[in-house]
Amino acid sequence: MPASAHLDLSDIQRRFREAVLGSNDTPLTSFVNSDGLIATRIAVYRNTIQGGLLEVLVAAFPVTQRVIGPEFFANLAGRFVSTAPPTAPQLLTYGGGFAQFIATQDVARRLPYLADVARLEWAKNESYFAADAAPLDPARLAALSPDVMAQTVLRWHPATRLITSRFPIHRIWEINQPAVVNTPEIDMTEGQTALVSRAQHHVAVRALAPADAALVAAIYAGKTLKEAVDIALEVDASFDVQAALQAYFVAGVFQNELTSHQSPSSPTARKIP
Amino acid sequence: MVRIPDAGVPVAAGVGLRTPHMAAFAATAPGALIAPWIEIHSENFLCDGGPRLAMLDAVAARYPVSCHGVGLSLGSADGLDLDHLARLKRLFARVKPCLVSEHLSWSVTDGVYLNDLLPMPYTAATLAVICRNIDTAQNAFGRRILVENPSGYLRFGESTMTEPEFLSHVVERTGCGLLLDINNVYVSAVNNGFDAAAYLKAIPYDAVGEIHLAGYTEVGAGETRVLIDTHGAKVSDPVWELYATFIRNNGSRPTLIEWDRDLPELPVLLREAAAAQTILDSVTREIVHAG
């Protein structure tokens, strides 16, 4: 009987985790029989686990992978996996911390926009799996009197995300799509905001002009339509509110839930049926 | 008399449903089923909404669905994750599965999820842990579950029971059924040096409510030869032979073709299912003739 026969199951499981997430087999060798093939056999489990998680990250972050290349991506992902292994079995939620992890790595000094690329890709992933909700029916909004409409608060659809970056994040994302063969040079000095939304089960990413970005952010913050429009007009006096809202309705940015503030001074709100 | 744990699943050859094939299953016209039943990996559908769940709703409206879990970690010394049990319950309420299954393995320790089906020593202490966890799951789901034998690459020095002995105790103590993966039996037999045919005679075969068939990948040679349970190839000849023998000896069972890696076009997958169906049909004919 091996000396470690008294090890309990928690100890075995902890040692197994150390062996498959790291590269060191010794935590296991004392109590496993495998006819001297221990390293080969633990490697089977290690490869399944680390290879499987790499595939999950590749699927969620294809543009990040394209920007830095598959080899460097595998290296980065491997370090992320050993630092922050999954804590839930539904792997469609694994990778939420990847952008933040990238920001702490050396590569962030060389490619300061890379973490934002990953943030945008994770927003897409979240949007794809977010809860369902009916999109805003524009006819409901149009039926309101101008006064009521001004005091109405719209609500983001659960699949809507807004990613603000000091880099041209949407342009970077766009030129690194699989269909783009020759990546053009782009001006990296201008920041960009990207809007992610889902309509008819399709997730779309679009770049927002600064006034649009201000409007969508103000609505998220719970501002009334009038307040939000004023904020957008302050950014750009020529902002076309009608055209912008129309585009958001089509893209499913808001859900079909309207709240009205009775007067600007009153904090009480009521749902518009 | 064969006791089928869940009556809703057809005693026929189904296929594992993978995302590239989902649209075809979701769009099936009534009366033109592509396969008699399908199985999903439960964890792939534990999201709040969106296209994947919508497609699953369409599939579940047309096909008997088996929910096969890979993340409950029935062998965890820490016990089961109650949040995960609740997520699975919500999925089952939505899909209304004809079968629910999990594995004789563990994946979670100290809150970390390792995405593989990891082995345990077969001891009295492990038996107590897994039986308690299976009781918890069966009580939470309000139904019997099937538990699948794992593919193995290592043996534990401290095991005091063989896998069939261990499975017999699990079935006896918890009343769960078995999901017999014959590819796993063969892969483990080669890797860990036991006789697959003897294993199949030693398990509590009356409790088998479903059979899995899949392909493995062979790496190394001689001393370093290992069969890896990749689900990335056709079912191998030795596995077909073991399957046919098991069915002849014990009667037909709902059978499922699993294919995950290098997923082929649907017709290739369906041909594998048709081959399993031929074996099931031959046994049914023999029984009819004998009766």
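Throughout, residues of each chain are indexed from 1 in the direction in which the sequence is written. Lettering for chains starts from A, numbering for ligands starts from 1, and both go in the order in which the items are written. Per-residue local features are limited, in this predicted model, to residues with pLDDT of at least 70; the limit for side-chain atom pairs, both in listing and counting, is 80 or more; totals at the level of whole chains, interfaces and linings are taken over all residues. As a rule here, side-chain values cover all heavy atoms of the structure and leave hydrogens and water aside.

Engineer: Even after reading the chapter, I still don't get the pattern of salt bridges, so can you show me in this structure?
Structural biologist: Pairing between side chains becomes possible if they bear opposite charge and their charged atoms approach one another. Residue and element names in this part refer to chain A. In what follows, salt bridge is the name for a side-chain nitrogen of Lys or Arg lying within 4 Å of a carboxyl oxygen of Asp or Glu. Under the definition given, this model contains 15 salt bridges over all chains. Between Arg119 and Asp116 there is a salt bridge, with the nearest N and O atoms lying 3.2 Å from each other. Of this pair, Arg119 and Asp116 are both found in helix 8 (residues 114-129), 3 residues apart, which corresponds to roughly one turn of the helix. You can call Asp116 buried: its relative accessible area is 13%. The partner of Glu174 in a salt bridge is Arg171, and the shortest N-O contact between them spans 3.0 Å. One end of the pair, Glu174, and the other, Arg171, are both in helix 11 (residues 169-175), 3 residues apart, so they sit about a helical turn from each other. The way it works is that DSSP assigns letters per residue, a run of H or I at least four long becomes a helix, a run of E at least two long becomes a strand, and they are numbered from the N terminus. Per-residue accessibility, obtained with a 1.4 Å probe over protein chains only, is compared with the maximum for each type, and a residue is labelled buried under 20%, exposed over 50%, and partly exposed between these values.

Engineer: So what exactly am I meant to see when it comes to the interface of chain A and chain B here?
Structural biologist: Accessible area lost when the parts come together is the quantity often used to give the size of an interface. Listed as interface residues are 44 residues of chain A and, on the opposing side, 48 residues of chain B. Across the chain A/chain B interface, buried area totals approximately 4,000 Å², and carbon plus sulfur atoms make up 61% of it. In this structure, the connection of chain A to chain B is made through 2 salt bridges. Close ionic contact of A:Glu55 with B:Arg261 constitutes a salt bridge, the shortest N to O distance being 3.0 Å. In protein, a polar contact means a hydrogen-donor-capable atom and an acceptor-capable atom, both N or O and within 3.5 Å, with residues adjacent in sequence counting only if both atoms are side-chain atoms; elsewhere, any N or O pair within 3.5 Å suffices. Counting the contacts that link chain A with chain B gives 15 residue pairs in polar contact (both at pLDDT 80 or more). Residue assignment for the side of chain A that touches chain B shows that the elements contributing at least two residues are helix 1 (9-21), strand 1 (32-33), helix 3 (38-60) and helix 8 of chain A. Take the side of chain A that touches chain B: its biggest share by element is 10 residues, from helix 3 of chain A. For the side of chain A that touches chain B, the per-class residue count stands at 27 nonpolar, 10 polar and 7 charged. Contacts are assigned to residue pairs with any non-hydrogen atoms lying within 4.5 Å of each other. The buried area of a pairing is the accessible area, by a 1.4 Å probe, that goes missing from both parts when the two are put together, added over both. Under the convention adopted here, Pro, Cys and the residues Ala, Val, Leu, Ile, Met, Phe, Trp and Tyr are nonpolar, Asp, Glu, Lys and Arg are charged, and Gly plus all remaining residues are polar.

Engineer: Quick question: what am I supposed to make of the packing of helix 12 (residues 210-220) of chain A against helix 13 (residues 225-235) of chain A here?
Structural biologist: In helix packing, the relevant descriptors are the interaxial angle and the interaxial distance, both defined with respect to the helix axes. Residue and element names in this part refer to chain A. Running from amino to carboxyl end, helix 12 crosses helix 13 at an angle of 155°, the nearest separation of the two axes being 8 Å. If you check the angle between helix 12 and helix 13, you find them roughly antiparallel. Relative to helix 13, helix 12 is oriented so that their crossing is right-handed. Residues Pro210, Ala211, Ala214, Leu215, Ala218 and Ile219 of helix 12 touch helix 13, and the partners they reach there are Leu225, Ala228, Val229, Ile231, Ala232 and Val235. The angle between two axes is taken between their N-to-C directions and runs from 0 to 180 degrees, where each axis is a line fitted to C-alpha atoms and a helix contributes only its stretch in contact. Angles below 35 degrees are treated as roughly parallel, those above 145 as roughly antiparallel, those between 65 and 115 as roughly perpendicular, and all remaining angles as oblique. Working rule for handedness: look at the near helix, and if it is turned counterclockwise from the far one by less than a right angle, call the crossing left-handed; if clockwise, right-handed.

Engineer: Hey, could you run me through the sheet that holds strand 9 (residues 177-181) of chain B in this one?
Structural biologist: The strands that make up a sheet are held in pairs by hydrogen bonds between backbone atoms, and each pair lies either parallel or antiparallel. Residues and elements named next belong to chain B. The 8 strands lie next to each other as 1-2-3-4-7-9-10-13, forming a closed barrel whose pairing is parallel. Strand-to-strand twist in this sheet, taken as the mean axis angle between neighbours without regard to direction, amounts to 30°. Taken together, the 3 bridges between strand 7 (residues 146-148) and strand 9 define a ladder with parallel strand orientation. Note on strand 9: the bridge partner recorded for Val147 is Leu178. Those strands touched by helix 6 (residues 182-192) are strand 7, strand 9 and strand 10 (208-213), and its axis lies near 60° from that of strand 9. In this scheme, strands are said to pair when DSSP sees at least two bridges between them.

Engineer: Hey, could you run me through the sheet that holds strand 5 (residues 202-208) of chain A in this one?
Structural biologist: Residue and element names in this part refer to chain A. Across the sheet, which stays open at both edges, the 3 strands sit in the order 3-4-5 with antiparallel pairing between neighbours. The open sheet has two edge strands, strand 3 (161-165) and strand 5, and neither has a second partner. If you compare each strand with its neighbour and ignore which way they point, the axes differ by 20° on average. Two elements, strand 3 and strand 4 (residues 192-199), share 5 bridges in a ladder whose sense is antiparallel. Paired with Ser165 across the two strands is Gln192, which belongs to strand 4. Strands strand 3, strand 4 and strand 5 of the sheet are contacted by helix 12, whose axis makes an angle of about 125° with strand 5. Here helix 14 (residues 241-251) sits on the sheet and contacts strand 4 and strand 5; the angle it forms with strand 4, its principal contact strand, is near 45°.

Engineer: So what exactly am I meant to see when it comes to the nonpolar core here?
Structural biologist: One broad trend across soluble globular proteins is that nonpolar side chains are buried collectively. Only buried residues count toward a nonpolar core. Its members are Ala, Val, Leu, Ile, Met, Phe, Trp, Tyr and Cys residues joined through side-chain atoms within 4.5 Å. Among the nonpolar cores identified, the biggest contains 141 residues, and B:Leu213 and B:Tyr243 are the most heavily contacted of them. What marks off one domain from the next here is an automatic or database domain assignment. When residues of this core are assigned to domains, at least three fall in each of domain 1 (1-129) and domain 2 (131-273) of chain A. Look past the residues within four positions of B:Tyr243 in its chain and what remains in contact with it is B:Ile182, B:Ile211, B:Leu213, B:Thr255, B:Ala276, B:Ile279 and B:Leu280. Among the nonpolar cores identified, the runner-up in size contains 28 residues, and A:Trp156, A:Ala213, A:Leu215 and A:Ala251 belong to it.

Engineer: Quick question: what am I supposed to make of the confidence of the model for chain B here?
Structural biologist: Interpreting fine coordinate detail is not advised for predicted regions of low pLDDT. Per residue, pLDDT measures the predictor's confidence, with a range of 0 to 100. Of the residues in chain B, 95% have a pLDDT of 70 or more, and the chain-wide mean is 94. Both scores are given for the predicted complex: the pTM is 0.93, the ipTM 0.92.

Engineer: Looking at this model, I keep getting lost on the environment of B:Val190. Mind explaining?
Structural biologist: All names here are of chain B. With respect to the helices and strands, Val190 occurs in helix 6. As for Val190 and Leu227, which are separated by 37 residues in sequence, their C-alpha atoms are 7.2 Å apart. Sequence-distant contacts of Val190, defined by excluding residues within four places in its chain, comprise Arg225 and Leu227.

Engineer: Hey, could you run me through the domain arrangement of chain A in this one?
Structural biologist: Residues and elements named next belong to chain A. Looking at the assigned domains, one finds that chain A contains domain 1 (1-129) and domain 2 (131-273). Computed from C-alpha coordinates alone, the two centres of domain 1 and domain 2 are separated by 36 Å. The partner domain 2 presents 25 residues to the 16 residues of domain 1 that form the contact. For the pair domain 1 and domain 2, the two sides together bury roughly 1,700 Å², of which 64% comes from carbon and sulfur. Of all residues in domain 1, the largest losses of buried area upon contact with domain 2 belong to Arg66, Leu120 and Ser127, amounting jointly to 36% of the total for that side. In this structure, Arg161 engages Glu126 in a salt bridge whose closest nitrogen and oxygen atoms are separated by 2.8 Å.

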